Each structure stands twice: as C-alpha cells, then as structure tokens.
Amino acid sequence: EVPILISEDTVISQPAKILNFLRKQKYNADYELSAKQGADTLAYIALLEEKLLPALLHTFWVEAENYCSVTKPWFASRFPFPLSLYLPGRMSREALNRILLTRGGPPLYSLTEVEAQIYRDAKECLNLLSKRLGTSQFFFGNTPSTLDAFVFGFLAPLYKVCFPRVQLQEHLKQLSNLCRFCDDILSFYFRLGVSGHSPAGQDSVDANLQKLTQLVNKESNLIEKMDDNLRKSPQHPPRKLTTLKLAAGGEGSSPPSRLSP
Amino acid sequence: AALCFQAFLQMCNLPVRVVCRANAEYMSPSGKMPFIHVGNQVVSELGPIVQFVKAKGHSLSDGLDEVQKAEMKAYMELVNNMLLTAELYLQWCDDVTVEEITHPRYGSPYPWPLNRILSYQKQWEIRRKMKAIGWAGKSLEQVLEDVDQCCQALSQRLGTQPYFFNKHPTELDALVFGHLFTILTTQLTSDELCEKVKNYSNLIAFCRRIEQQYFEGHDKEGSSSAPSRAAKKSLLR
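In this text, all values refer to a predicted model and were calculated from it rather than measured experimentally.

A short note on the nonpolar core
Thinking step 1. Of all hydrophobic cores here, the largest spans 126 residues; its most connected members are A:Leu52, A:Phe181, B:Leu78, B:Leu154, B:Phe177 and B:Phe206.
Thinking step 2. With 16 residues, helix α2 (residues 35-62) of chain A is the largest single contributor of residues to this core.
Thinking step 3. Each residue touching A:Phe181, except ones within four places of it in the same chain, is listed here: A:Leu133, A:Gln137, A:Phe138, A:Phe139, A:Asp148, A:Val151 and A:Phe152.

The structure is reproduced here in structure tokens:
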C-alpha cells in the first residue's frame, strides 16, 4: 500500500494516518490558520475528491492511449516481476470501477457521456481553484498549508506528465496562476542538489512524480483529521518561504524546465 | 434529501406541492430522488434543479462574487462527500440499522418477497459504491467521527451569521438544512448521530431559523414529504 511513511521503526500507511502521525510529532502546516480557514481546507479537499479526482483517474488509468503509452510502463517499471504484469491492470480496473460507481448511472447511459461529464466537472473545478487562488502565492496567504499540499498533489502530475491525450492538461495550462503555484512548490520543495544533474537525479525526479501520482490515485479517505488538542498545544510553525527564496536565487537551471515536456 | 430541495424552492419563493409515490425512483430521470415535475419537464437531483430554476430566472447565489461561489460549491461537495455518504453508510452498511429500520422501510410499499429482494439489491448497490470509495473498511466510530468533523467545519464556517453567506440564504443553506434536519428528526437505533450534530448550537439555531421562516404554516406539506421519514420529532427536544 502506498504512500508509506517510515520513521525509525514505525511504518505508517494511508495519507490520513500519516498526517496524524506528523501532527503528533508536532509538525503542523495549519498551525497559523483560523478556524474558518481550517473548515475551508476540508471543503476544498472534498471538492477536489468529488470533482477533479474522477477525471484525473480517467486521464491516467482509463484513457487508453495515456494508460498504454505512459502510465502502465511507468508503474510496471517500478513493480517487481511478476507484480508488474498484474498490478497496473488491476489499478486501471479499480479506477474505471470507481468512476462508474460514483459518477455513472442514469441519465448518463454510456461511458462516453460519463467521460464528458467528469471532464466538464474537472474543468469547472480547476476554474474554481484558480479563482480562489487569485494572485496569492498560496491558498491562505504567504505560507503553505495542508490545502496547498493537497492541491499540489492533485495538480502537479497532471501538469508535468507528458501524455498523448491532453484535454485536461491543456485546460490547466491556460490557468496561469495554478501553473505558477505548481512551479513555485516544485522549485522550492522538490529542487535537486545545487550541482544540478546527478546520475540519481532523474530517478529521484521520477520517484517523486510517481509518489505524487500515487497520492492522487489513492482511493482511501484523503481528508485529514483535524486534531483540536494538537492545535492547542505548542507546535513548530511552518517554514517561512522567504528564507528559501534567498537560497533559490543563486541556482542554475531550475528543475521544472527539466521536467517540462 | 427531499427537504433540501423543498427548502431551496421555498427560499426562491416558488410554490411547491409534495407528493409521495412508491415508484418515485423509477419515475426520476436519474433514478435518484427528489425530482420535480414542471409542465412537461422532469428534473432530478439538487444540482440540475438549481440550474433549471436559474434558467427560469430564479437564483439565490447571484449576489456572490467568484471566490464566494467557489467556496459555496466546495462546501456543498463537503456535505455530499461526508454527510450524505455517512447517512448512506448508516442506512445500508450498519447491520443493526439495516435490519431494524432500513429493510422494513424501503420494502414497505411492496408485497413479500419483492420487498426483501428490492431492499437487498439496493443494499448490495450501496455497499459496492462504499467499497469503491474506501468507506467499506470504516467502522461506525470512524464514520461518526467524520460526521463530527464535517459538522465542526460547517459550524466554524457559519459562525454567528444567520446564513452561510451572511444575510441571504443560498443553495448551500438549503442543502445543509435538509441534511441536518433529517439527521435530527429521523429515528434510528441509537442517538449517536443526532448527538454529534447537537454539539453545535449554532447549527441547531440555524435549522430552527430556517424551519420557522420557510416551513411554518407549510407544516402539513412538510410532514407529508418523502416516505423515507420514519418519525418526525420536534426540534425542541
């Protein structure tokens, strides 16, 4: 099961449990949010799951050209034989199953109609996110929070992976503030070493993208439990972005240009 | 769910007559309830109904700016994602509730053995969906915790305002009212779900306000809505 967090002797799976564990270790990205902002976080995460996730699952796992030329070989290369022959197919079937069970049914009678509807919903969701983000750096001002991580986790694979069928990707690329949002987070939090290219460099980039994709495809409950008791106790405040800006200024070629199609 | 759209139509000042039918699910174009029948058109589910009413010139959310509209849609998804799924879970995946309440209620318009067959079929359908979205592995405590989290978010968002977007109700208010009122007034095997909502006094006040403003005087029609209502109790318990 992925994603998995391994901390010393502890192994934790499922995004919700991982977030809980991190909070118990006093790492909380939402420390400075107000109660209303915390509530907004839950609401927007629900929006992502309901409106954007079906189309993402479709783009990665159901759209035949995308699945056969990108997703399947990519995942198969990461699984050991013989799982590589079986698991991608199973994940594809589960994705289609989920789409049909949650969004199929009358008055949509064919797969084509369901597909049209989920892509319409996804484009509307992207538009809503773009309007909400506006010109801010992050969704709640100048410091990133859990919502930013979730949105990034959904958007970045869609933004960066080179697909043959690019309907939704094209729509995302028109929303410049969302693209800038992804690029910022990629360059500040996912940058490679100062020396630039390393033999393991491309591998770790692939591994990061794969982890992001797996987060998107996770079918379990992605909504984190807000623990009131933890929020009241002393916490480490999130890293301020300003210090990282100074560090990033001296770098050479930025990672996003290596990743872009 | 019938209550959500009834509240919405009352808020738009549109006259509505509620009628109960055993075959309502089959009459609906999407198989889901509620649906409205206007002239020779039939529209089901809250989203399309809101669009339909908007096309006829009535809208509750025109006064909102783009960011507020985004927020409203996000909160509506939160209600659908958490509250509605929790209600379905309780009705169809909690064995005690299924045996004592749901099966008898769902099969009541039909003779034996059709009543059992249809309700098992529905149960199988709902459980399949729960499995696909990852709720099948949840325990009742986890589901109740999710409901609590959702109510906490709604309560924090509502704050001390009369409605979610201050002075005027929107479709979000109708949706939240419909779900909360149903939870508060439907009799289940235990009071746990109801108690979760009752922890939030501003949500109770919100429901009471909407009930008084839009349903007082329409009580007779209100109490005949949806055959799914097992027993109606006053909110003033």
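Now that the structure has been shown, we can carry on.
Here we look at the UniProt feature "domain: Metaxin glutathione S-transferase" (unreviewed entry) in chain A
Thinking step 1. The positions UniProt marks with the feature "domain: Metaxin glutathione S-transferase" (unreviewed entry) are residues 122-185 of chain A.
Thinking step 2. Helix makes up 70% of residues 122-185 of chain A and strand 0%, and the two end C-alpha atoms of the span are 22 Å apart.

Considering the state of the cysteines
Residue and element names in this part refer to chain A.
Thinking step 1. Tallied over the full model, the rule gives 0 disulfides over all chains.
Thinking step 2. The thiol of cysteine 68 is unpaired, and the distance to the nearest cysteine sulfur, on cysteine 162, comes to 17 Å.
Thinking step 3. A residue is classified by how much of its surface remains accessible, and cysteine 68, at 52% relative accessible area, is exposed.
Thinking step 4. With no disulfide of its own, cysteine 162 lies closest to cysteine 179 among cysteine sulfurs, the gap being 14 Å.

Quick word on the packing of aromatic side chains
Each aromatic ring pair is specified by the distance between its two centres and by the angle formed by the two planes.
Thinking step 1. Inspection of the entire model under this criterion finds 11 aromatic pairs over all chains.
Thinking step 2. Relative to A:Phe181, the ring of A:Phe139 lies with its centre 5.4 Å away and its plane at 80°, an arrangement referred to as edge-to-face. Of the two residues, A:Phe139 sits in the loop between α5 (111-133) and α6 (146-160) while A:Phe181 sits in helix α8 (residues 176-189), which places them 42 residues apart along the sequence. Per residue, the accessibility class of A:Phe139 equals that of A:Phe181, and both read buried.
Thinking step 3. With 5.3 Å between their ring centres and 40° between their planes, B:Phe177 and B:Phe181 make a pair best called tilted. One end of the pair, B:Phe177, and the other, B:Phe181, are both in helix α8 (residues 171-185), 4 residues apart, so they sit about a helical turn from each other. Comparing B:Phe177 with B:Phe181, the two get one shared label, buried.

Comments concerning the domain arrangement of chain A
Residues and elements named next belong to chain A.
Thinking step 1. When its domains are assigned, chain A resolves into domain 1 (1-31) and domain 2 (32-190).
Thinking step 2. Its C-alpha centre places domain 1 at a distance of 22 Å from the equivalent point of domain 2.
Thinking step 3. Between domain 1 and domain 2, the residue contacts involve 5 residues of the former and 6 residues of the latter.
Thinking step 4. With both sides pooled, the region where domain 1 packs onto domain 2 buries about 470 Å², and carbon together with sulfur makes up 51% of that total.
Thinking step 5. For the domain 1 face of the interface with domain 2, the top three residues by lost area are Ala29, Asp30 and Tyr31, together amounting to 78%.
Thinking step 6. There are 0 salt bridges connecting domain 1 and domain 2.
Thinking step 7. The interface formed by domain 1 and domain 2 holds 0 residue pairs in polar contact (both at pLDDT 80 or more) in total.
Thinking step 8. Partitioned by chemical class, the residues of the side of domain 1 that touches domain 2 number 3 nonpolar, no polar and 2 charged.

What counts and what doesn't
Residue positions are given per chain, counted from 1 along the sequence in the order it is written. Lettering for chains starts from A, numbering for ligands starts from 1, and both go in the order in which the items are written. Two thresholds apply to this predicted model, a pLDDT of at least 70 for residue-level local features and 80 or more for giving and counting side-chain atom pairs, whereas whole-chain, interface and lining totals are computed over all residues. Only hydrogens and water are set aside; all other atoms, that is, all heavy atoms of the structure, feed into the side-chain values. Among the buried residues, those of types Ala, Val, Leu, Ile, Met, Phe, Trp, Tyr and Cys that are joined through side-chain atoms within 4.5 Å form a nonpolar core. Type-normalised accessible area, obtained with a 1.4 Å probe on protein chains alone, sets the label of each residue: buried when under 20%, exposed when over 50%, and partly exposed for intermediate values. Per the convention used, a helix needs a DSSP run of H or I reaching at least four residues, while a strand needs a run of E reaching at least two, with both numbered from the N terminus. By the convention used here, residues are in contact when the closest approach between their heavy atoms is within 4.5 Å. UniProt positions are given in the numbering used here, feature names are shortened, and annotations may be inferred rather than shown by experiment. Cysteine sulfur atoms are paired as a disulfide whenever they fall within 2.5 Å. The pairing test for Phe, Tyr and Trp rings, Trp by its six-membered ring, is centres within 6.5 Å, and the orientation test on the planes gives stacked under 30 degrees, edge-to-face over 60, and tilted for anything in between. Domain start and stop points were drawn from an automatic or database domain assignment. The quantity reported as buried area is the accessible area (1.4 Å probe) lost by two parts once they are put together, taken as the sum for both. For salt bridges, the criterion is a side-chain nitrogen of Lys or Arg within 4 Å of an Asp or Glu carboxyl oxygen. As used in this structure description, the phrase polar contact means that two N or O atoms lie within 3.5 Å; if the pair is within protein, one of them must be able to donate a hydrogen and the other to accept it, and residues adjacent in sequence are counted only when both atoms belong to side chains. Note on residue categories: nonpolar means Ala, Val, Leu, Ile, Met, Phe, Trp, Tyr, Cys or Pro, charged means Asp, Glu, Lys or Arg, and polar means any other residue, Gly included.

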